Amino acid sequence: MYDLIIFLILMSLGYGFGRVAEKRHYKSILERETALNRIPAIVLRLPPPSLKPQNTELVMGSVVISIDYFKRIAAGLRSLVGGRMMSYESLLDRARREAVLRMKEQADALGANMVFNIKMETASISKGRKNKIGSVEVLAYGTAIIPVAVPIQQL
Amino acid sequence: MLLTNLEIVPGRAVSQHLGLVQGNSVRAKHVGRDIMASLKNIFGGELRGYTELLQESREEAVSRMVEQAEMAGANAVLNIRFSTSSVTQGAAELYAYGTAVILD
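Thresholds, definitions, all that
- Sequence positions are assigned chain by chain, starting from 1 and proceeding in written order.
- Chains carry letters from A onward and ligands carry numbers from 1 onward, assigned in written order.
- Selection of residues for local features in this predicted model requires a pLDDT of at least 70, selection of side-chain atom pairs for listing and counting requires 80 or more, and totals for whole chains, interfaces and linings are taken over all residues.
- As a rule here, side-chain values cover all heavy atoms of the structure and leave hydrogens and water aside.
- Any two strands between which DSSP finds at least two bridges are classified as paired.
- A run of H or I in DSSP counts as a helix once it spans at least four residues, and a run of E counts as a strand once it spans at least two, with each numbered from the N terminus.
- Contacts are residue-level and defined by heavy atoms, with any inter-residue pair within 4.5 Å sufficient.
- Under this scheme, a helix contributes an axis fitted over its contacting stretch, all axes are lines through C-alpha atoms, and angles between N-to-C directions fall in the 0 to 180 degree range.
- Expected helix span is computed as 1.5 Å times (number of residues minus one).
- Any residue under 20% of the maximum accessible area for its type is buried, any over 50% is exposed, and the rest in between are partly exposed; the area is computed with a 1.4 Å probe on protein chains only.
- Cavity and pocket criteria rest on a 1 Å grid covering protein atoms alone: a 1.4 Å probe that fits but cannot get out defines a cavity, protein on both sides within 12 Å along at least 5 of 7 lines defines an open pocket, and an atom within 4 Å of a point defines a lining residue.
- Grid points are joined across faces, edges and corners, and a volume is the space filled by probe spheres set on the points.
- Polarity classes work like this: nonpolar for Ala, Val, Leu, Ile, Met, Phe, Trp, Tyr, Cys and Pro, charged for Asp, Glu, Lys and Arg, and polar for all others, with Gly in that last group.
- The term buried area means the drop in 1.4 Å probe accessible area that two parts suffer when joined, counted for both and summed.
- Here, a salt bridge means any Lys or Arg side-chain nitrogen found within 4 Å of an Asp or Glu carboxyl oxygen.
- A 3.5 Å cut-off defines polar contacts: any pair of N or O atoms within that distance qualifies, except that in protein one atom must be a possible hydrogen donor and the other a possible acceptor, and neighbouring residues in sequence count only when both atoms are side-chain atoms.

S.K.: Honestly, the sheet that holds strand S3 (residues 135–146) of chain A in this entry has me stumped. Any pointers?
M.R.: Strand pairs in the sheet, formed through backbone hydrogen bonds, run parallel or antiparallel to each other. In space, the four strands of this open sheet follow the order S2(A)-S3(A)-S1(A)-S3(B), with antiparallel pairing throughout. In this open sheet, the two edge strands, each paired with only one partner strand, are strand S2 (114–123) of chain A together with strand S3 (45–46) of chain B. Strand contacts of helix H3 (residues 86–109) of chain A: strand S1 (55–66), S2 and S3 of chain A together with S3 of chain B, with the helix running at about 150° to S1(A), the strand carrying the most contacts.

Right under this line is the structure:
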């Protein structure tokens, strides 16, 4: 009986807090994405040869994010019948966008105007824990292209 | 030491290839962070402790790679890649590798 009560409390806590946290996170992601739109993240392997000599710098952003209790249970039920796991889709979407944003923020701090050769890397860091922790790590990295200030007499 | 994950450096030529350099770091999380993480597992959201931990160990992997490149006499590492794997319960391995070169 107590187990059931604890389970229900955890479910409702997860549902309430998880929803609020996700909404807030999406809001902040959207805001920062619009703000950082001026730094394009480009997945091309090489910058165009027409690009004049520039400074480059390795930039990366990473985030570890966890799913809430309610969604984990929902995903567990979903895995019985198969189909799209919406709860994990939004988790990974948030993680990727957050990682890219952090990378761009780092590039912005360096004064870069674009980031080339973006690579993404996803890892579930707590495998083998009886499925206790549903958390993923996403790393995004790339090379920031920083324009060199040309001295006036050289122009 | 110039680090990049591009295969070239815009405007500079590679004069000598020195081969693969690599660095890794395996770290476990401490109990306090683990407890915080299990709380977060109820509410959902970012596990800041883990993010920091992985960032620190990634930096360490990179610095080991740079050390190796310095020993080989390189002045740049090109085409850097990262990889993460969970080797055992509660620990993660961060691995960084790239090609050490001398740029002129």
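S.K.: Just checking my understanding: could you explain helix H2 (residues 48–71) of chain B for this structure?
M.R.: Three- or four-residue spacings in an α-helix give side chains the same orientation, since the helix completes a turn every 3.6 residues. All names here are of chain B. Along its 24 residues, H2 runs 35 Å from first to last C-alpha, staying within 8% of the 34 Å computed at 1.5 Å per residue. Among all positions of H2, only Tyr 50, Thr 51, Leu 53, Leu 54, Ser 57, Arg 58, Ala 61, Val 62, Met 65, Val 66 and Ala 69 are buried. Looking at the residues trailing H2, positive phi occurs at Gly 73, about 85°.

S.K.: Help me out: how do you make sense of empty space enclosed by the protein in this one?
M.R.: Where empty space is left can be seen by rolling a probe of water-molecule size over the atoms. Residue and element names in this part refer to chain A. Following the criterion strictly, the structure yields two cavities of 30 Å³ or more and no others. Taken as a whole, the largest cavity spans an internal volume of roughly 80 Å³. Around the largest cavity, the lining is made up of 14 residues, and of these Glu 22, Ser 66, Asp 68, Lys 71 and Arg 94 lie nearest the centre. Contributions of two or more residues to the lining of the largest cavity are made by helix H1 (2–35) and H3. Top element by residues in the lining of the largest cavity is H3. It accounts for four residues. Looking at the lining of the largest cavity residue by residue, the classes come out as four nonpolar, six polar and four charged.

S.K.: Please explain the interface of chain A and chain B as it appears in this structure.
M.R.: It is common to give the size of an interface as the accessible area lost on bringing the parts into contact. The interface is formed by 45 residues belonging to chain A together with 32 residues belonging to chain B. For the chain A and chain B pair, buried surface summed over both sides reaches about 3300 Å², with 57% attributable to carbon and sulfur atoms. If you look at where chain A meets chain B, you find three salt bridges. In this structure, B:Arg58 engages A:Glu137 in a salt bridge whose closest nitrogen and oxygen atoms are separated by 3.0 Å. Linking chain A with chain B are twelve residue pairs in polar contact (both at pLDDT 80 or more). Only H1, S1, helix H2 (69–81), H3, S2 and S3 of chain A provide two or more residues apiece to the side of chain A that touches chain B. Considered class by class, the residues forming the side of chain A that touches chain B number 20 nonpolar, 13 polar and twelve charged. Relative to S3(B), S1(A) is paired through two bridges, and the arrangement is antiparallel. The residue bridging A:Ile65 from the neighbouring strand is B:Glu46, located in S3(B).

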